[in-house]
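What the coordinates show
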Amino acid sequence: MEIFSSSPLLHFLLVLTICIACVNFVHTAPTKIGKGYRLIAIEESPDGGLIGHLKVKKKNNIYGPDIPHLQLYVKHETDNRLRIHITDAEKQRWEVPYDLLPRETAPSLKQTIGKSRKSQIPLMSSEYSGNELMFSYISDPFSFSVKRKSNGQTLFNSSCEDSDPYNSLVFKDQYLEVSTKLPKDASLYGLGENTQPHGIKIYPNDPYTLYTTDQSAINLNMDLYGSHPMYMDLRNVKGEAYAHAVLLMNSNGMDVFYRGDSLTYKVIGGVLDFYFFSGPTPLAVVDQYTQFIGRPAPMPYWSLGFHQCRWGYHNLSVIEDVIANYKKAKIPLDVIWNDDDHMDGKKDFTLNPVNYPGPKLRAFLEKIHAEGMHYIVINDPGIGVNKSYGTYQRGIANDVFIKYEGKPFLAQVWPGAVHFPDFLNPKTVEWWGDEIRRFHELAPIDGLWIDMNEVSNFCTGLCTIPEGRICPNGTGPGWICCLDCKNVTKTKWDDPPYKINASGIQAPIGYKTIATSATHYNGVREYDAHSLYGFSETIATHKGLQALEGKRPFILSRATFVGSGHYAAHWTGDNKGTWEDLKYSISTVMNFGMFGVPMVGADICGFYPAAPPLEELCNRWIEVGAFYPFSRDHANYYSPRQELYQWKSVAKSARNALGMRYKLLPYFYTLNYEAHMTGAPIARPLFFTFPNIPELYELSTQFLVGSSIMVSPVLEEAKTKVSALFPPGTWYNLFDMTQAIVTKEPHYRSLDAPLNVINVHLYQNAIIPMQRGGMLTKQARKTPFTIVVAFPLGASEGEAKGNLFLDEDELPEMKLGNGQSTYIDFYATTRNGTVKIWSEVQESKYALDKGWYIEKVTVLGLNRIGGAFEILSDGTKLEDTSKVQFATEEHKYIDKLEDGSHKKSMMLDIQGLELPVGKNFAMSWKMGV
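Note that the structure is a prediction, hence the values are computed from the model and not measured.

This part is about the overall build of the chain. Regarding its fold elements, the chain presents 14 helices and 54 strands. By the compact-globule yardstick of 30 Å for 929 residues, the chain fits well, its C-alpha radius of gyration being 29 Å. Seen through its principal axes, the chain has C-alpha atoms that stretch 85 × 75 × 50 Å. Each of the 929 residues in the chain was classed as buried or not, and the buried ones make up 64%. Looking at the chain alone, contacts between residues at least 24 apart form 71% of all its contacts between residues at least 6 apart. Entry remark: accessible area of the chain is about 33,200 Å², with carbon and sulfur atoms responsible for 51%.

As structure tokens, this is what we get:
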């Protein structure tokens, strides 16, 4: 749910009010800030890195006094990761807590600034080389650069000329600045979370502010719910692509300015802690990045099914009616959600005794669990101040709340007056887990949706509960502040000297959140830890859920930070039912894959209502949303009903698109495993598979699922064709595999796309596992497998590969070696007139115990079909193949090949097979004449 300050009128009034009140926030033309620093000493550190000491060259007081002495630490932490850490040499500064995001610690501070040492290194420009990356520096004024060792390409260069629109290194208590020069042809991605109207590629001179904010996704180019100070840089050098990534490990608010040929960080606290990941492919970058920040969380199989939610399911009978209507419309549905409707007075961990009475809800859950369905509820961090409320009582007794001048900080969210738990406090984590346990006994939920955790507050400043009036009184909108509040601007934390572009209007950083001078455990300021709130809550929630029954947790979090994907899924927040929002969702979904949060999706059909509700839009949105990694329809309290069965046409599109998703569940689940093992995004830009093609670097209207399935949706009103860009090779229509598109160069193709049709294509050289599908993932999982082998069209020589991961999907860990998982590699070749297809199984027992088998193999792109068919299972030839049937069909093309030819090519279905998935199989046949 969203605080409605983001509605257009209220947003305008907010902008007007803040702009009038804060005219002094507007920046004048930039003035050079100081002369930078000079490197006065550098030496090898005991761990094989470098430690240097920097001294400010000329003090000034713009944004506060300079920190006179800095410590520089540089280390090649792995073959492909370089760290550059700069901090105050004399005083400890705030850093992202090492226990929250585990990593190597930086060296302790040295007090012998500039004094001579043994093993000192000459201060002239020097290089420190690792396997893949090279660090070099200039001592006066100090600057550093990072180069790729293999080709000498400069990836980062912090030097500054007088004519540059940025400064040399600036390091003050509340203002840090550093820049890098960039080639104009570098394509940058990341720096999120924001809604990017120009597409996935970072656009010069667009604002990029990182500060977690409860601001709906309909706001363009503004700081939204997540802070990910990471970007990927993709460059094409003479036709060959090289990718790397840069992470600034810092949780403070920051503006990042990208000018096309340079990028500048302006950060209001903490340290400069840079990590460089050498790539050189986009997939390698995400692998290296997630190896460092934490691999994406394994997701339970059922979470890859379709989810239905709405704020406004007023009672249990409405929920039951929704499920019944999905069944009646024959639309798959796995998970039903409650927004705050199930709560008693909107209080966490409670049930409404009238609309969601405990005994009835438990009976309902027992019924849907037996069928294989699941149930998830929302949970906001604000705990209602109510002396009769057990969660509040236990929170006060355990002293778990964020403080302001020694007392729990008072805010307002949906229950009225609230306190916010301090998840940096170990006691809070224990208390939170216990509250989850208590609620699970009341209602055995299957996951938690943690919302409003940026953190969101309907009020601003220091507040008290009014005397003599009820707050909220239950008559007006719930998001209007009714506490008695006064602004807090008396400290440098509430009113820092540099104003980040918060909310796109340089709003005070404590606006509609916790006052930034409030304190967490051990005196940590909200000023520093603000953007970590959702991340710390996610970790506590994960721990609490996993302790329940030892199952794999499912958590959906709105606020995210670096590493959130290690614990949770994400949705793109409160969007609107517009064609633009549908289009923007693709970029945000692809961005989060790069951030290491692969389980991501947008609210299908839109959260905020369009006027009038658009049937056609909902058709097109489910066609896209069926291929989001996380697929959920969710709507606002005030929206017209938009479940997929509300319109016959949308129900038809849903059956079509979700029908294909449910057939592809084994492929999606295997991608979930790959994401967990290597960080590989589930939904990804086309340049991940085709990095050498510059035409794909800005493409934001198509995406890949895994490496081989391309989705090309209709994103505009009243269109029945879509222009799709096809990279070179053969692409087969997944809904009709006889249809093929072949291209030697990247080409746009016009595809038919009637209202109920989504164009999804399978690329050559791939093998994908499919099943028959079903109305529930539980049913779909039990059906036989089809293995689809895609050769290049009409190739006399070709090869294809694929894989399949199967496990007991609620185990907390997703891995091989536990006796409850199986992994299969599939291979296929066609050469010398013979086709061969075979599998190599690791840990066969689990798949054999489940009795899974392959009933069909579909081979695409054969230039002819012959005889001498043979099948082996575990090395033994199958003598009885009487049930095996062969069916062939010639491929059709939507247009002729570039050379005007028309190659004859066949699709072969081998049916009637009963090959155990858990046994190695091999089949071969001659191609004929």
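Having seen it, we continue.
For the rest of this paragraph, the subject is the packing of helix α5 (residues 390-398) against helix α6 (residues 426-442). Packing of α5 against α6 brings their axes to within 10 Å, and their N-to-C directions diverge by 160°. One element, α5, and the other, α6, form an angle in the roughly antiparallel class. Judged by the twist between their axes, the crossing of α5 over α6 is right-handed. Of the residues in α6, those touching α5 at T391, R394, G395 and N398 are K427, W431, E435 and R438. Partitioning the contact of α5 with α6 into residue classes produces 1 nonpolar, 3 polar and 4 charged.

A few words now on the packing of aromatic side chains. Taken as a whole and judged by the stated rule, the model has 58 aromatic pairs. Both rings, one in W479 and one in Y638, keep their centres 6.4 Å apart while their planes meet at 90°; by these two values the pair is edge-to-face. Here W479, found in the loop between β27 (462-464) and β28 (484-486), pairs with Y638, found in the loop between β34 (631-633) and α11 (648-663); they are 159 residues apart in sequence, far enough to count as distant. Owing to a relative accessible area of 13%, W479 belongs among the buried residues under this scheme. Among the aromatic side chains, those forming a connected cluster through ring pairs are F135, Y137, F142, F144, F156, Y265, F274 and F276. In this arrangement the basic side chain of K347 is found over the ring face of Y389, its NZ or CZ atom lying 5.7 Å from the centre. Lying over the aromatic face of W571, R632 brings its terminal NZ or CZ to 5.3 Å of the ring centre.

This part is about the pairing of strand β17 (residues 272-277). Among the 6 residues that make up β17, 6 are buried, leaving the element largely enclosed by the rest of the structure. The two faces of β17 match: L272, F274 and F276 on one face and D273, Y275 and F277 on the other face are all buried. Of the pairings in the sheet, the one linking strand β4 (residues 81-88) to β17 comprises 6 bridges and is antiparallel in character. Within β17, the position partnered with H85 by the bridge is D273. The pairing of strand β14 (residues 240-248) with β17 spans 4 bridges and is antiparallel. Bridge pairing in β17 places V246 opposite F276.

Taken as a whole and judged by the stated rule, the model has 47 salt bridges. Measuring nitrogen to oxygen at the nearest pair gives 3.7 Å for the salt bridge that ties E77 to R83. The exposure classification of E77 matches that of R83, with both residues buried. With a closest N to O distance of 3.9 Å, E914 and K883 form a salt bridge. Of this pair, E914 sits in strand β53 (residues 906-916) while K883 is found in the loop between β50 (876-877) and β51 (885-890), placing the two residues 31 residues apart along the sequence. Considered together, E914 and K883 belong to a single accessibility category, that of exposed residues. Among the charged side chains, a network of salt bridges with common partners joins D214, D451, E454, R558 and D574.

The residue after G279, namely P280, is reached through a cis peptide bond having omega 15°. With respect to the secondary-structure elements, P280 resides in the loop between β17 and α2 (282-293). Of note, the bond from C471 into P472 is cis; its omega dihedral lies within 30 degrees of zero at -10°. Turning to its location among the elements, P472 is positioned in the loop between β27 and β28. The phi angle at K330 is positive, at roughly 60°, despite the residue not being glycine. Here K330 lies in the loop between α3 (316-328) and β19 (335-338). A positive phi angle, near 60°, is found at F349, a position not held by glycine. Structurally, F349 can be placed in the loop between β19 and α4 (358-371).

For the rest of this paragraph, the subject is the sheet that holds strand β5 (residues 126-129). Spatially, β5-β6-β7-β8 is the arrangement adopted by the 4 strands of the open sheet, whose pairing is antiparallel. Looking at strand neighbours, the two that pair on one side only are β5 and β8 (154-157), the edges of this open sheet. If you compare each strand with its neighbour and ignore which way they point, the axes differ by 20° on average. In this sheet, strand β7 (residues 142-148) lies alongside strand β6 (residues 133-139) in antiparallel orientation, the contact comprising 7 bridges. From the neighbouring strand, L133 faces β7, where its bridge partner is R148.

The subject of this paragraph is the packing of α11 against helix α12 (residues 665-678). The angle between the axes and the distance between the axes are what describe a pair of packed helices. Packing of α11 against α12 brings their axes to within 4 Å, and their N-to-C directions diverge by 60°. As far as their axial angle goes, α12 and α11 are oblique. Of α12, the residues touching α11 (which contributes R661, Y662 and K663) are L665, P666 and F668. A class-by-class count of the residues in the contact of α11 with α12 yields 4 nonpolar, no polar and 2 charged.

We now examine the sheet that holds strand β21 (residues 383-384). Read from one edge of the open sheet, 3 strands run β21-β25-β24, paired in antiparallel fashion. Of all strands in the sheet, those bounded by a partner on one side alone are β21 and β24 (411-413). Pairing between β24 and strand β25 (residues 416-419): 3 bridges, direction antiparallel. Within β25, the position partnered with Q412 by the bridge is A417.

Overall, the predicted model of the chain reaches an average pLDDT of 93, with 94% of residues at or above 70. Counting interchain partners and residues more than four positions distant, the pLDDT-below-50 stretch residues 3-29 has 42 contacts. Below pLDDT 50 for its whole length, residues 113-117 participates in 13 contacts with residues either more than four positions away or in separate chains.

If you check α12, its first and last C-alpha atoms are 20 Å apart, about what 14 residues at 1.5 Å a residue would give, namely 20 Å. Counting buried residues in α12 gives 11 out of 14 residues, a clear majority hidden from the surface. Among all positions in α12, only L665, P666, Y667, F668, Y669, T670, L671, N672, Y673, A675 and H676 are buried. One or two steps after α12, the chain reaches G679, where phi turns positive at roughly 85°.

Here we come to helix α10 (residues 615-625). Buried residues dominate α10, accounting for 9 of its 11 residues. Residues L617, C618, N619, R620, W621, I622, E623, V624 and G625 constitute the buried set of α10. Contacts from the buried residues of α10 go to β18 (306-308), α9 (579-594), β33 (603-604), β34, α11 and β36 (703-705).

Below, the discussion takes up the state of the cysteines. Two cysteines whose sulfur atoms are joined by a covalent bond form what is called a disulfide. Scanning the entire structure with this criterion turns up 4 disulfides. Across the disulfide, C459 is cross-linked to C481 (sulfur-sulfur distance 2.0 Å). Disulfide C459-C481: the torsion about the S-S bond is 100°, which places it as right-handed. Residue C459 is found in the loop between β26 (448-450) and β27, and its partner C481 is found in the loop between β27 and β28; the two are separated by 22 residues along the sequence. For C471, the disulfide goes to C482, at an S-S distance of 1.9 Å. Measuring the twist about the S-S bond at about 80°, one finds the C471-C482 disulfide to be right-handed. Within this pair, whereas C471 is found in the loop between β27 and β28, its partner C482 is found in the loop between β27 and β28, the two being separated by 11 residues in sequence. Given the relative accessible area of 15%, C482 is considered buried. When the bonded cysteines of the chain are numbered from the N-terminus onward, they pair as 1-4, 2-6, 3-5, 7-8. Unpaired in this structure, C309 has its nearest cysteine sulfur neighbour in C605, at a distance of 13 Å.

Cut-offs applied
- Residues numbered from 1 in each chain as written.
- Predicted model: local features only at pLDDT ≥ 70, side-chain atom pairs only at ≥ 80, totals over all residues.
- Heavy atoms only, no water.
- Helix = DSSP H or I, 4+ residues; strand = E, 2+ residues; numbered from the N terminus.
- Rg over C-alpha atoms; globule rule 2.2 N^0.38 Å.
- Buried < 20%, exposed > 50% of the residue type's maximum accessible area, 1.4 Å probe, protein only.
- Contact = heavy atoms within 4.5 Å.
- Areas by Shrake-Rupley, 256 points an atom, 1.4 Å probe, with all protein chains shown as cover.
- Axes fitted to C-alpha atoms, helices over the stretch in contact; angles between N-to-C directions.
- Parallel < 35°, antiparallel > 145°, perpendicular 65-115°, else oblique.
- Left-handed = near helix turned anticlockwise from the far one by under 90°.
- Nonpolar A, V, L, I, M, F, W, Y, C, P; charged D, E, K, R; others polar.
- Phe/Tyr/Trp six-rings, centres within 6.5 Å; stacked < 30°, edge-to-face > 60°.
- Lys NZ or Arg CZ within 6 Å of the ring centre and 35° of its normal.
- Pairing = 2+ DSSP bridges.
- Salt bridge = Lys/Arg side-chain N within 4 Å of Asp/Glu carboxyl O.
- pLDDT = per-residue confidence, 0-100.
- Expected span 1.5 Å × (residues − 1).
- Disulfide = S-S within 2.5 Å.

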